[in-house]
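Coordinate inspection notes
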Amino acid sequence: MRLINFLMKNVNSKIEFYSRFSPSPMSIQQFLDFGRENACEKTAYMFLRKELAVRLANTLREVTLLPSSLLDQPALKRVQNWYIQSFEELLRFEDQRPESSHTLNDFLDTLDRIRNRHNDVVPTVAQGVIEYKDKFGFDPFISNNVQYFLDRFYTNRISFRMLMNQHTLLFGDATAHPKHIGGIDPACHVTEVVRDAYDTARMLCEQYYNMAPQLNIKEVNTKSSEKPVQVVYVPSHLFHMLFELFKNSMRATVELHENNSRGLPPVKALVTLGKEDLSIKISDLGGGVPLRKIERLFNYMYSTAPVPSLDSSLSAAPLAGFGYGLPISRLYARYFQGDLNLYSMEGVGTDAVIYLKALSSESFERLPVFNKSAWRHYQTGPEADDWSNPGSGPRDATKYKSNK
């Protein structure tokens, strides 16, 4: 028992030490340049052994600021233990030089092991949030902190996996696409990814509803009208976002129009490339969403869907039932300085727009930093609203009439 306490104390001191450092954001262009021209495994090892520890430590410190009633949920304890175990494994390389091939191979194996351990982090955290809500109900202040934390937590996870994937694809045994630099496509054909995401979502839609809307796609390249729209990007990230948007659009379209004698209206995709932005708009006529509900679609605490099974052997849509698809898709867009917005007209349909940076040199990682500003966010209590709130019913103005 004393040995365990000693080891935990040592790990906690290391977490505190590494959390003093801010993560070092990289641009897509830097990822590309390193993988294409200077792919030195020893250099990558020296950078990653500290950078991964810094990013993990920042997250582990921030986790402790969540309410104990939330952290005590079994699913969240399990995730916290995964992160501590991964941090401990990275510490083994703290003083190991890269001259030995054994060290480099051991590091690759460790990254694979960490990545596999963290595969179920998203649904497991979602399970923990559901456990908390079932036990304690909904608290606006807790919800605000959970939203703030999970946006940062999942962004950190995206960045962590990005670094690990690049390293293992460049230097490990995993087979990368021959034209990709690690997980990055230097000439990503955006409309091809749009079609791939649509085809996958269509198969899922047909599986559930026995029908699916068609896709109409249009491409506008303002830089060179004769060329297809291309961008330096991570195709798997773009696919993730598009698949989620198509899945939502198809479900809304089918459920509104399945008995329509004229058939299903198509889902439309518009891909445009400008000087600064690459934009992708997915439009549907699925009935839309009221304005007051739009922001809820991005809130982790508002999901009211049935709890799905975490059994990976069961075939189901990714994140089905947790309601995490849209908020995490927005984090993927924001990770490299883009965004994802919804514009809906109730009774008609919804436009979802993905914004990406057109230039890879401007696509820097957007990373959370554990500092005093973050700490203060968790300490600040709810404040009184400084805007007027409408009453529950119409005000009776007759009582204000003057007596004549």
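Preceding this paragraph is the structure being described.
Reading the values: the criteria
Residues numbered from 1 in each chain as written. Predicted model: local features only at pLDDT ≥ 70, side-chain atom pairs only at ≥ 80, totals over all residues. Heavy atoms only, no water. Pairing = 2+ DSSP bridges. Helix = DSSP H or I, 4+ residues; strand = E, 2+ residues; numbered from the N terminus. Axes fitted to C-alpha atoms, helices over the stretch in contact; angles between N-to-C directions. Contact = heavy atoms within 4.5 Å. Buried < 20%, exposed > 50% of the residue type's maximum accessible area, 1.4 Å probe, protein only. Salt bridge = Lys/Arg side-chain N within 4 Å of Asp/Glu carboxyl O. Arc of directions from axis to C-beta. Parallel < 35°, antiparallel > 145°, perpendicular 65-115°, else oblique. Left-handed = near helix turned anticlockwise from the far one by under 90°. Nonpolar A, V, L, I, M, F, W, Y, C, P; charged D, E, K, R; others polar. Core = buried A, V, L, I, M, F, W, Y, C linked by side-chain atoms within 4.5 Å. Patch = residues over 30% accessible without salt bridge, like charges linked within 9 Å, V, L, I, M, F, W, Y side chains within 5 Å. Areas by Shrake-Rupley, 256 points an atom, 1.4 Å probe, with all protein chains shown as cover.

The next subject is the sheet that holds strand β6 (residues 339-345). One open sheet holds the five strands; their spatial order is β2-β4-β5-β7-β6, and the pairing between them is mixed. Whereas interior strands pair on both sides, the edge strands pair on one side only; in this sheet they are β2 (215-221) and β6. On average, each strand axis in the sheet is inclined to that of its neighbour by 15 degrees, with strand direction left out of account. Bridge count for β2 against strand β4 (residues 267-273) is seven bridges, and the pairing is parallel. When the sheet's bridge partners are listed, Leu215 is paired in β4 with Val267. In the packing of helix α10 (residues 235-257) onto the sheet, the strands contacted are β2, β4, β5 (277-284), β6 and β7 (349-357), and the crossing angle to β5 comes to about 20 degrees.

Of note, Asn210 is a non-glycine position whose phi angle comes to about 65 degrees, a positive value. Checked against the element boundaries, Asn210 lands in the loop between α9 (190-209) and β2. Relative accessible area serves as the criterion here: at 68%, Asn210 is assigned to the exposed category.

Our focus in this paragraph is the pairing of β4. The alternating pattern of β4 places Val267, Ala269, Val271 and Leu273 on a buried face and Lys268, Leu270 and Thr272 on a face that is not buried. Looking at chain direction, β4 and β5 are connected through six bridges and run antiparallel. Within β5, the residue paired with Val271 across the bridge is Ile280. From the end of β4 to the start of β5, which pair antiparallel, there are three residues.

Right, let's talk about the pattern of salt bridges for a bit. This structure, assessed with the given rule, holds 14 salt bridges. Residue Glu89 pairs with Arg117 through a salt bridge whose shortest N-O separation is 2.6 Å. Taken as a pair, Glu89 in helix α5 (residues 74-91) and Arg117 in helix α6 (residues 101-117) lie far apart in primary sequence, 28 residues in all. The class of Arg117 is buried, set by a relative accessible area of 15%. Put simply, Asp339 and Arg334 hold a salt bridge, and the shortest N to O gap is 2.9 Å. Among the charged side chains, a salt-bridge network with shared partners connects Glu51, Arg55 and Glu365.

On to helix α2 (residues 28-37), then. Owing to its 3.6 residues per turn, the α-helix brings residues three or four apart onto one side. Those residues of α2 not exposed but buried are Ile28, Phe31, Leu32 and Gly35. The arc that holds the buried residues of α2, viewed along the axis, is 95 degrees, so those residues lie on one side. Contacts from the buried residues of α2 go to α8 (140-171), β1 (185-189) and β3 (230-233).

Further remarks concern the packing of helix α3 (residues 41-63) against α6. When two helices pack together, you describe them by how their axes are tilted relative to each other and by the distance separating the axes. Remark: α3 packs on α6, axes separated minimally by 11 Å, with the N-to-C direction vectors making an angle of 45 degrees. Classified by the angle their axes make, α3 and α6 are oblique. Seen from above, α3 lies across α6 with left-handed handedness. In this structure, α3 uses Glu41, Lys42, Tyr45, Leu48, Arg49 and Leu52 to contact α6, whose residues at the interface are Thr103, Leu104, Phe107, Leu108 and Leu111. Among the residues making up the contact of α3 with α6, the classes are represented as seven nonpolar, one polar and three charged.

Let us now look at the nonpolar core. Ranked by internal contacts, the top residues of the largest apolar core, which has 104 residues, are Phe87, Leu150, Tyr154, Leu242, Phe246 and Ile280. Broken down by element, the residue count for this core peaks at 11 residues, all from α8. The residues touching Leu150, leaving out its near neighbours within four places in the chain, are Val125, Val129, Tyr300, Tyr324 and Leu331.

For the rest of this paragraph, the subject is a nonpolar patch on the surface. A contiguous nonpolar surface patch, about 280 Å² in accessible area, is contributed by Leu285, Met345 and Val348. Structurally, Val348 can be placed in the loop between β6 and β7. When its relative accessible area of 40% is taken as the criterion, Val348 is described as partly exposed.

Inspection of the sheet shows β5 paired to β7 by eight bridges, in the antiparallel sense. Note that in β7 the partner of Ser283 across the bridge is Asp351. Of the strand pairs in this sheet, β6 and β7 are connected by seven bridges, and their pairing is antiparallel. Looking across to β7, one finds that Leu340 is bridged to Ile354. Between β6 and β7, which pair antiparallel and follow one another directly, the connecting turn spans three residues, one of which, Gly347, has a positive phi of 90 degrees.

Purely spatial values, then, with no claim about function.
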